[in-house]
Amino acid sequence: MKNKKWYETSYRRNLIDMHIPDWDPSFFAQLDPEEYVRMLKTANVDTAYIYTTSCVGLCNFPTKIGKMHEGLRGRDIIREITDGCRREGIRPVLYINMWSKWAYDTYPDWRCVSPEGKGSLEYMWGQPGRYGVLCPNSPYKDYVLGLVRELMDSYETDGLWIDMILWRTMCTCKHCRKRFEEETGYPFPDTINMGDPAFMSYLRKREEWIGEFTDSIRFAVYAKNPDAAVICNSCYHPSVVMGMGLDYADKTEFIAGDANLGIERSFEAKLFNNVAKNHPFEFLCSVMDPALHEHSMLKTEEHLLQLMTSCLAHNGRNGFIDAIDPSGKLNPQVYSHMRKVYDETDKYIPYLETEVSFCADVAIYTNFSCSYSPEDDGTPLRDTLNTPSSHMVAAKSMAERLVEHNIPYDVITPLSLDRLHDFSAILLPEVCVLSDQEVEALRAYVKEGGNLYASGRCAVYDGLGGKTEAGRLADVLGVRLCGRTDEERTFIRPVEGSDLLPGYTEEHPLSCNSWQAIVEVDEDAEVLGRMTLPIVHPKDVTKFASAISDPPGKITSHPSIVSHGYGKGQVFYVATLLENFGGRDHSALFARIVGNLIGETPAFTSDAPHPVEITVYRQKESGRYVINLTNSSLPVLTLADITVRVRIPEEIKAFYSAPDRTEIPYTREGEYVSFFLPRLRVFEMIVAEPEQK
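Quick caveat, the model's predicted, so the values are computed rather than measured.

A. Here's a closer look at the pairing of strand E15 (residues 490-494). For E15, the tally of buried residues reaches five of five residues, placing the bulk of the element in the interior. Because side chains alternate across E15, one face comprises the buried residues Thr 490, Ile 492 and Pro 494, and the other comprises Phe 491 and Arg 493, equally buried. As paired strands, E15 and strand E16 (residues 510-512) are joined by three bridges and run antiparallel to one another. Its bridge partner being in E16, Thr 490 is matched across the sheet by Cys 512. Inspection of the sheet shows E15 paired to strand E18 (residues 526-534) by four bridges, in the antiparallel sense. The partner of Phe 491 across the bridge, within E18, is Thr 532.

B. Quick look at the sheet that holds strand E9 (residues 356-358). Taken together, the six strands give an open sheet; going across it, the order is E9-E22-E23-E29-E25-E26, and neighbouring strands pair in antiparallel fashion. Strands at the two margins of the open sheet, each flanked by one partner only, are E9 and strand E26 (662-663). In this sheet, E26 lies alongside strand E25 (residues 652-658) in antiparallel orientation, the contact comprising two bridges. By the bridge assignment for E26, Tyr 656 is matched with Glu 663.

C. Main features of the state of the cysteines. Taken as a whole and assessed by the stated rule, the structure comprises zero disulfides. Its sulfur unpaired, Cys 311 is 8.2 Å from the next cysteine sulfur, which belongs to Cys 285. With no disulfide partner, Cys 432 has as its closest neighbouring cysteine sulfur the one in Cys 370, 4.2 Å distant. For Cys 432, a relative accessible area of 0% gives the class buried.

D. Representation of the side chain of Ser 657 within the structure. By the element assignment, Ser 657 lies in strand E25. Residue classification places Ser 657 among the buried residues on the basis of a relative accessible area of 8%. Not counting the four nearest positions on each side in its chain, Ser 657 is found in contact with Thr 662, Ile 664, Glu 684, Met 685 and Ile 686.

E. Region of interest: the nonpolar core. Counting 174 residues, the largest nonpolar core has Ile 217, Ile 426, Leu 428, Leu 473, Tyr 573 and Met 685 as the members making the most contacts within it. Looking at which element gives the most residues to this core, the answer is helix H6 (residues 197-224), with 10 residues.

F. Inspection of helix H2 (residues 77-87) at higher detail. Within H2 the residues assigned to the buried category are Ile 77, Ile 78, Ile 81, Thr 82, Gly 84 and Cys 85. An end-on view of H2 places all buried positions within 160° of arc, on one side of the element. Contact partners of the buried residues in H2: helix H1 (33-42), strand E2 (47-51) and strand E3 (91-97). Two residues or fewer past H2, Gly 89 is found with a positive phi of approximately 75°.

G. Summary view of the environment of Ala 363. Residue placement: Ala 363 occurs in strand E10 (residues 362-365). Residue Ala 363 is classed as buried on the basis of its relative accessible area of 0%. Each C-alpha atom of the pair Ala 363 and Val 240 lies 22 Å from the other, and the pair is 123 residues apart in sequence. Ala 363 has contacts with Asp 410, Ile 412, Phe 423, Ala 425, Ile 426 and Leu 427, leaving out every residue within four places of it along the chain.

H. Quick look at helix H4 (residues 140-154). Taking 1.5 Å as the rise per residue, H4 with 15 residues should run 21 Å; its terminal C-alpha atoms sit 21 Å apart, in good agreement. Counting buried positions over the 15 residues of H4 gives 11, a clear majority of the element. Of the positions making up H4, those classed as buried are Tyr 140, Lys 141, Tyr 143, Val 144, Leu 145, Gly 146, Leu 147, Val 148, Glu 150, Leu 151 and Met 152. Lining the buried residues of H4 we find E3, helix H3 (101-106), strand E4 (159-163) and H6.

I. Focus on the pattern of salt bridges. Under the counting rule described, the total for this entry stands at 49 salt bridges. The salt bridge partner of Arg 179 is Glu 183, with a shortest N-O separation of 2.6 Å. Placement of the pair is Arg 179 and Glu 183 together in helix H5 (residues 174-184), with a separation of four residues, close to one helical turn. Of the residues examined, Arg 179 reaches a relative accessible area of 19% and is grouped as buried. With a closest N to O distance of 3.1 Å, Asp 422 and Arg 419 form a salt bridge. Looking at Arg 419, the relative accessible area reads 26%, which means it is partly exposed. Residues joined in a network through salt bridges with shared partners are Lys 141, Arg 179, Glu 183, Lys 205, Glu 208 and Glu 212.

J. Broad picture of unusual backbone geometry. A cis geometry characterises the amide bond from Asp 289 onward to Pro 290, with omega recorded as 10°. Residue position: Pro 290 is located in the loop between strand E7 (282-286) and helix H8 (301-312). Along the chain, Leu 634 connects to Pro 635 via a cis peptide bond; the corresponding omega equals -10°. Structurally, Pro 635 can be placed in the loop between strand E23 (625-631) and strand E24 (639-647). For Asn 44, which is not a glycine, the phi torsion comes out positive at approximately 60°. By the element assignment, Asn 44 lies in the loop between H1 and E2. For Asp 641, which is not glycine, the phi dihedral falls at a positive 60°. Inspection of the secondary structure assignment puts Asp 641 in strand E24.

K. Geometry of the packing of aromatic side chains. In total, this model carries 32 aromatic pairs according to the counting rule given. Ring centres of Trp 167 and Trp 209 lie 6.4 Å apart, and the angle between their planes is 65°; this geometry places the pair in the edge-to-face category. Of this pair, Trp 167 sits in the loop between E4 and H5 while Trp 209 sits in helix H6; the two residues are 42 residues apart in sequence, bridging distant segments of the chain. The burial state of Trp 167 is the same as that of Trp 209; both residues are buried. Through pairs of rings, three or more aromatic residues link up here, namely Trp 102, Tyr 107, Trp 110, Tyr 140 and Tyr 143. Across from the ring centre of Tyr 104, 4.0 Å away, lies the NZ or CZ of Arg 111, which sits over that ring.

About the criteria used
- Residues numbered from 1 in each chain as written.
- Predicted model: local features only at pLDDT ≥ 70, side-chain atom pairs only at ≥ 80, totals over all residues.
- Heavy atoms only, no water.
- Buried < 20%, exposed > 50% of the residue type's maximum accessible area, 1.4 Å probe, protein only.
- Helix = DSSP H or I, 4+ residues; strand = E, 2+ residues; numbered from the N terminus.
- Pairing = 2+ DSSP bridges.
- Disulfide = S-S within 2.5 Å.
- Contact = heavy atoms within 4.5 Å.
- Core = buried A, V, L, I, M, F, W, Y, C linked by side-chain atoms within 4.5 Å.
- Arc of directions from axis to C-beta.
- Expected span 1.5 Å × (residues − 1).
- Salt bridge = Lys/Arg side-chain N within 4 Å of Asp/Glu carboxyl O.
- Phe/Tyr/Trp six-rings, centres within 6.5 Å; stacked < 30°, edge-to-face > 60°.
- Lys NZ or Arg CZ within 6 Å of the ring centre and 35° of its normal.

Next comes the structure, spelled out in structure tokens:
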């Protein structure tokens, strides 16, 4: 058996934020490394991420090239903390932040410059003066490498945890402009256009440059300590403005990040599991309520337990983030609070393994090249911090619909093209960009018997600047894109013979608070729903059909829902982003369509209500099935009378609740076992041990 890496057996991780400036001499004046370590010991932390720099940019160690925090008065607290951690059996991992207000103020030439010509201290997060973001194409890169070499020369560490190694802005500084034009031959783009090779080259170059910067840091670490784990904050993967490409996952020892409880956490966990080079992934979350911006109000123990167990339910490892007081002191209550939660979740450790295979019927396909929404084409290059693409919004909404209906799902990327046949259906939530390789893989998947769901403007772009107006999967979908409605409120009416829209009629169709794509269908495609428009265009201010609503009444022949057979597979196409709508009937329609694609042998079914997410995985080493139920309701509500039915074809020798191994009664019907939970508070882990053949 191979020796395990430390992150495979680390279950109690801690990060203490130290983003403290030094303009006041009292800042850090009371920082006591012994007390710092004592707090970690109170929580029984096994891995400590220790700040050597913060986004303020001041160094918490004696440095020859940067500026040390004045409040430390030359004291090497990193030496004292790391040595103290070693004595207490706590693994020290150094933390370094790529932002630096000090460098931003000291070296203006190093700054990232937004498309509006501003530096980050002028606008970021509506808090001017706090966050200094520097460009890795400037000499700042050499400065960072100098700091890393200082750290690796000075301290014994099990790794380096790198934070904020991303753009955070669509940088248009002179360094980026010069490098882009020299490397591509294109003029620097100032307009968003996914059908423009220059613009798409700019997006790819940003990913390449961040990857190169990351590599330079990794290699500087490995040159001094080949066994160190280099970890990067990867929680910004799906955002174009951050500049992280898929190959970024290969540059970090394991995937780490933070995400909120609920669908965001569910989606990110599944994404991390599928792009990670090594497992398990890591989530870090603030102990403060609701998040890092709060300094003194603690989350309840149940809330922290939800965060811990929702991570375990996806076979990840969770750690907590606290924030130091400006004085340098820590709140002892936080660490006793933390200890209770860690002690509770430690009970599940015997039932965890590093490598697992998740049981899922469908996969949400996400492509980071779907960086913008098609309507952004032709608009000026701009920051998109608060404007996620229509694809990413739809993908996360789709995840919520699937959890709501207890449909087992996963999240895959182009890295998983060889795994498409692991799923009964692949879901494309307005995946507007698909490369030649992706198109051919999806076409082959359906032709060989796979099933597909697609919505909106699917596969219009190739990711290199090419554009196909009708869509690059038109032959598979059975529809050709012709445009979209100007109306932002539309309707879907049933057609005769279709049972997808029970309760709706031609006179009273299903309302969709959105546009629809206008499509032409192939002769062999079946239309299951058609588009109706409001009697009066909602933008027409001169008249209306109802003072409060926009009633339907303009019948069109445009298809809204289309079914198409391709090869041995089946495809459903929906002209609007149905998955975005949280209405009861929209959600039921989406689930009905997906159910038709899955067939009669799902991985599991349940009547668990919406706050509950169920995950099922099989552990590769022991062969055990682990069934997790996580209740994400806040405040926590006790739920009752939940039935779960799971496909476990093997004979079972033990079926019990972890961690106490209480036997769970179950019934078997063919390949399925069913069990009943009379009560669910926060989390339940059920273990099925199959007979060994």
